[in-house]
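The chain contents come next:
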Amino acid sequence: MEYVSRAPRPPLDGLVDDLYYLEGASPYARLTLPPMPGALLIVNLGAPFRIRAGTDIKTAEYADGCVITTPTRAVEFGYPPRTRSVGVHLKPWGLAPLLLMPAAELCDRPVTIEQVWGRPAVAELRDRLATAAGPHEMLTLLEEELRRRLRETAGLGLVRHTSKVIAATNGAVAIGDLSMAAGVSTTHLAQRFKELVGVTPKRLARTQRFATTVLAINPAVPIDWGDVAARAGYFDQAHFTHEFRAFTGLTPTQYVEVRRRFLREHPDHTLDSWPLPAD
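About the cut-offs
- Residues numbered from 1 in each chain as written.
- Predicted model: local features only at pLDDT ≥ 70, side-chain atom pairs only at ≥ 80, totals over all residues.
- Heavy atoms only, no water.
- Helix = DSSP H or I, 4+ residues; strand = E, 2+ residues; numbered from the N terminus.
- Rg over C-alpha atoms; globule rule 2.2 N^0.38 Å.
- Buried < 20%, exposed > 50% of the residue type's maximum accessible area, 1.4 Å probe, protein only.
- Contact = heavy atoms within 4.5 Å.
- Phe/Tyr/Trp six-rings, centres within 6.5 Å; stacked < 30°, edge-to-face > 60°.

## A closer look at the overall build of the protein chain
Here is step 1: Of the regular secondary structure elements, the protein chain holds 10 helices and 10 strands.
Here is step 2: Relative to the 2.2 N^0.38 estimate, which gives 19 Å for 279 residues, the radius of gyration of the protein chain is 19 Å and therefore close to what a compact globule would have.
Here is step 3: Looking at the 279 residues of the protein chain, the share that counts as buried comes to 51%.
Here is step 4: Contacts spanning at least 24 positions in sequence make up 72% of the contacts within the protein chain whose residues lie at least 6 apart.

Below you can see the structure in the form of structure tokens.
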């Protein structure tokens, strides 16, 4: 697969981790993305793809693209034989200035971009992207569209600052301490987070700790799970295993087996750092 990414220019750099272009055949027909402390926006330029966000939600088809706020559980993508898209990895609060509805309404319920920005605007954007000279021009066009859609968002500064503290501590911070430092009640902080991130600060901290822990695991070497759990600050290994199942549907041992399968079957693949084969 061809994967091109770059960081955005100000002011988007305070909202977006990177913009990317993806084209080619997926290594597997279905890939599972464990929860990450961030949001995702995809503009699809190829055949429709399918998404299932949780076992209680039916798989749905997305032709124009999708918007996913910070998830609380794994998201499964079903890819066509060849896929082509541009997208944005956003910081937890990064989607809020681009939405016209509270992020909580989209929590674990991906929607199409048309549902957020309207069909005429999305159709025009996809046409411009499809006729661009190449990936770099496409990313510039997408960045310009995002800049144009930015709007003032009440409470963004509070949520951004608190989210950065959560990230800096890898989620190991008391929410009461965060609200006290910000000079607001825990209820007010939770409400702002649900409006702008889609989840409470406590939930974001759980996701941050899980993601930080899992991304630090090297599947190529033997793993002492008790040591991993202790270093991450979980009560014990049983607590760690429970969190793993809640976020991925897998035990830690099963997760590593799947990661090793990916690395064995597709060494040095551009997507080998996070998605899991779901087949």
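After that view of the structure, there is still more to cover.
## Side note on the packing of aromatic side chains
Here is step 1: Going through the model one piece at a time under the given rule, you end up with 12 aromatic pairs.
Here is step 2: Pairing Tyr3 with Tyr20 gives two aromatic rings, centres 5.6 Å apart and planes at 20°, and the pair type is stacked. With Tyr3 in strand β1 (residues 2-6) and Tyr20 in strand β2 (residues 16-24), this residue pair connects regions lying 17 residues apart in the sequence.
Here is step 3: Judged by its relative accessible area of 31%, Tyr3 is partly exposed.
Here is step 4: On the basis of relative accessibility, which here comes to 6%, the residue Tyr20 falls in the buried class.
Here is step 5: Seen in terms of ring centroids, Phe49 and Phe77 are 5.8 Å apart; in terms of plane orientation they differ by 40°. Their pairing is tilted. Placement of Phe49 in strand β5 (residues 49-52) and of Phe77 in strand β8 (residues 75-78) is noted, with a sequence separation of 28 residues between them. We note that Phe49, like Phe77, is buried.
Here is step 6: Each residue in the set Phe210, Trp225, Tyr234, Phe240, Phe244, Phe247 and Tyr255 is aromatic and connected to the rest through ring pairs, giving one cluster.

These figures come from the coordinates and say nothing about function on their own.
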